[in-house]
Amino acid sequence: MRSKKVVIVYAVAVFLIVFLITINTVCAITQFEVYYTVESAIMEESAGNVQKTLEEKYLHKSFLFFDESKVSEVVAQESGGYLEVMSVEKNFPNRITVRVRERMETFAFRLENSEKYYVIGDDGTILSVSDENKNNIAGKNIEIRGISFGAEQKVGDVFAVASGDEDAYQALNVIFAELNARGMRGNVTTIDYASVGGSDPAYTYSYFYVNTVEGVRFWIVSPEEDTQRKIVEVLDIYASLSDAQRLDGYIYVGSGSAEYSTNKPPEAEEIFPEA
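Parameters and conventions
- Residues numbered from 1 in each chain as written.
- Predicted model: local features only at pLDDT ≥ 70, side-chain atom pairs only at ≥ 80, totals over all residues.
- Heavy atoms only, no water.
- Helix = DSSP H or I, 4+ residues; strand = E, 2+ residues; numbered from the N terminus.
- Expected span 1.5 Å × (residues − 1).
- Buried < 20%, exposed > 50% of the residue type's maximum accessible area, 1.4 Å probe, protein only.
- Arc of directions from axis to C-beta.
- Contact = heavy atoms within 4.5 Å.
- Core = buried A, V, L, I, M, F, W, Y, C linked by side-chain atoms within 4.5 Å.
- Polar contact = N/O pair within 3.5 Å; in protein donor to acceptor, adjacent residues only side chain to side chain.
- Salt bridge = Lys/Arg side-chain N within 4 Å of Asp/Glu carboxyl O.
- Phe/Tyr/Trp six-rings, centres within 6.5 Å; stacked < 30°, edge-to-face > 60°.
- Lys, Arg positive; Asp, Glu negative; His and termini not counted.
- Axes fitted to C-alpha atoms, helices over the stretch in contact; angles between N-to-C directions.
- Parallel < 35°, antiparallel > 145°, perpendicular 65-115°, else oblique.
- Left-handed = near helix turned anticlockwise from the far one by under 90°.
- Nonpolar A, V, L, I, M, F, W, Y, C, P; charged D, E, K, R; others polar.
- Pairing = 2+ DSSP bridges.

Asks: Help me get a handle on helix 5 (residues 227–240), residues and values and all.
Replies: When the terminal C-alpha atoms of helix 5 are compared, their 20 Å separation across 14 residues agrees well with the 20 Å that a helix rising 1.5 Å per residue should span. Every buried residue belonging to helix 5 is among Thr 227, Lys 230, Ile 231, Val 234, Leu 235, Ile 237 and Tyr 238, and all of these are buried. Along helix 5, the residues classed as buried sweep out an arc of 160° about the axis, all on the same side. Among the structural elements, helix 4 (166–181), strand 9 (205–212), strand 10 (217–221), strand 11 (250–253) and strand 12 (259–261) are those in contact with the buried residues of helix 5.

Asks: For the nonpolar core, give the residues involved together with the corresponding values.
Replies: Considering soluble globular proteins, one finds that nonpolar side chains tend to be buried as a cluster. Core analysis: the largest hydrophobic core is formed by 36 residues, its most contacted members being Phe 109, Leu 172, Ile 191, Phe 208, Phe 218 and Ile 220. The dominant element in this core, judged by the number of residues it contributes, is helix 4, at seven residues. Not counting residues up to four positions away in its chain, the partners in contact with Phe 109 are Lys 116, Tyr 117, Tyr 118, Ile 120, Ile 144, Ile 147, Phe 149, Phe 159, Tyr 169 and Leu 172. Counting 22 residues, the second largest nonpolar core, distinct from the first, contains Met 43, Ala 47, Val 75 and Val 98.

Asks: Can you tell me about the side chain of Arg 246, naming the residues and giving the values?
Replies: Examined against the element boundaries, Arg 246 turns out to sit in the loop between helix 5 and strand 11. Taking the relative accessible area as the measure of exposure, Arg 246 reaches 15% and is therefore buried. Among the polar contacts made by the side chain of Arg 246, one reaches the side chain of Glu 214 at a distance of 3.1 Å.

Asks: Describe the pattern of salt bridges, listing the residues and the values that go with them.
Replies: Scanning all chains against the criterion turns up 14 salt bridges. Ionic pairing is found between Asp 226 and Arg 229, a salt bridge with its closest N-O pair at 2.4 Å. The class for Asp 226 is partly exposed, based on a relative accessible area of 45%. Given the relative accessible area of 24%, Arg 229 is considered partly exposed. Connected through salt bridges with shared partners, the residues Glu 84, Arg 101 and Asp 122 form a single ionic network.

Asks: Outline the packing of aromatic side chains, listing residues and values.
Replies: Overall, the coordinates contain 16 aromatic pairs when judged by the stated rule. Ring geometry for Phe 149 and Phe 159: centres 5.4 Å apart, planes at 50°, overall tilted. Residue Phe 149 is located in the loop between strand 7 (142–145) and helix 4, and its partner Phe 159 is located in the loop between strand 7 and helix 4; the two are separated by 10 residues in the primary sequence. Judged by its relative accessible area of 22%, Phe 149 falls in the partly exposed class. Within the aromatic cluster, the residues linked to one another by ring pairs are Phe 107, Phe 109, Tyr 118, Phe 149, Phe 159, Tyr 169 and Phe 176.

Asks: Explain the side chain of Glu 105 to me, and be specific about the residues and the numbers.
Replies: Position of Glu 105 relative to the elements: it lies in strand 4 (residues 105–110). For Glu 105, which is buried and forms no salt bridge, the nearest opposite charge comes from Arg 185, at a distance of 5.5 Å. A distance of 2.6 Å separates a polar side-chain atom of Glu 105 from the backbone nitrogen of Asn 136. The residues touching Glu 105, leaving out its near neighbours within four places in the chain, are Tyr 82, Val 119, Ile 120, Gly 121, Leu 127, Lys 134, Asn 135, Asn 136, Asn 141, Phe 176 and Arg 185.

Asks: Any details on the packing of helix 4 against helix 5? Residues and values, ideally.
Replies: Across the interface, helix 4 lies against helix 5 with an axial gap of 10 Å and an inter-helix angle of 40°. Classed by the angle they form, the pair helix 4 and helix 5 counts as oblique. Seen from above, helix 4 lies across helix 5 with right-handed handedness. Side by side, helix 4 and helix 5 meet where Ala 171, Val 174, Ile 175, Glu 178 and Leu 179 of the first sit next to Thr 227, Gln 228, Ile 231, Val 232 and Leu 235 of the second. Of the residues belonging to the contact of helix 4 with helix 5, the class tally is seven nonpolar, two polar and one charged.

Asks: So what's going on with the sheet that holds strand 4? Which residues, and what values?
Replies: The strand order 6-5-4-7-8-9-10-11-12 describes an open sheet built from nine strands, whose pairing is mixed. Both outer strands of the open sheet, strand 6 (126–130) and strand 12, are each paired with one neighbouring strand and no more. Pairwise comparison of adjacent strand axes, ignoring direction, gives a mean angle of 20° for this sheet. Pairing between strand 11 and strand 12: three bridges, direction antiparallel. Bridging from a neighbouring strand, Ile 251 pairs with Tyr 260 of strand 12. Where helix 4 meets the sheet, it contacts strand 4, strand 5 (117–121), strand 7, strand 8 (188–196), strand 9 and strand 10, and its direction lies at approximately 140° from that of strand 4.

Here it is, written out as structure tokens:
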């Protein structure tokens, strides 16, 4: 009787081993599909390398035991953090679909007393610490001056500005989103932030001073307040200017409607008298 039970146990064990081997063979990964949304040629190449590396490392390996975190590791390795994994789908029995997108560069913050820049992505993370302000697509990123930020931040960290500058940084992101939506992200070169006034908040005002590639400048008063309206009005006027008008002058917006003038706004003397 005991020998009969041993035989049954062995038979069950053999069956399970054969079953697992069969399932593992049938459910081996035979295809990786990598779909990507990118704008730069360098990230298009990186996305292609993601597919190649996944195939080299995991093709014909177990589908059932494939760890989806491996995709994130490969994507980070091939793109240096510039590609973001949007989804990983395991399509039974043997296909894995990956979707990635390029984190678009937005701003460049120069490190104090340094020639290095923090390059910030559209998701707020630090994409790189670069020796030059160079955009992956073309030209340069928008250089930000006047907003303070914490030291010792690393690639992959969510970029953090100094206490008190959070609203200004949020306004920057609104501006970038509107520029990007209009295809004008390359038209702005620098944005300076500053404030004037005393200890009384009622007499303290902040400004964004925005330089464009053509020469016309934007003066946005209290950009932390009513940001969307102000930037929309400024960019509407900017889009309507002739080529000659874009070479000089100012588009000014405060509590009222935005206006274009060849004269410097009076408030400008208090912050950027050389502008």
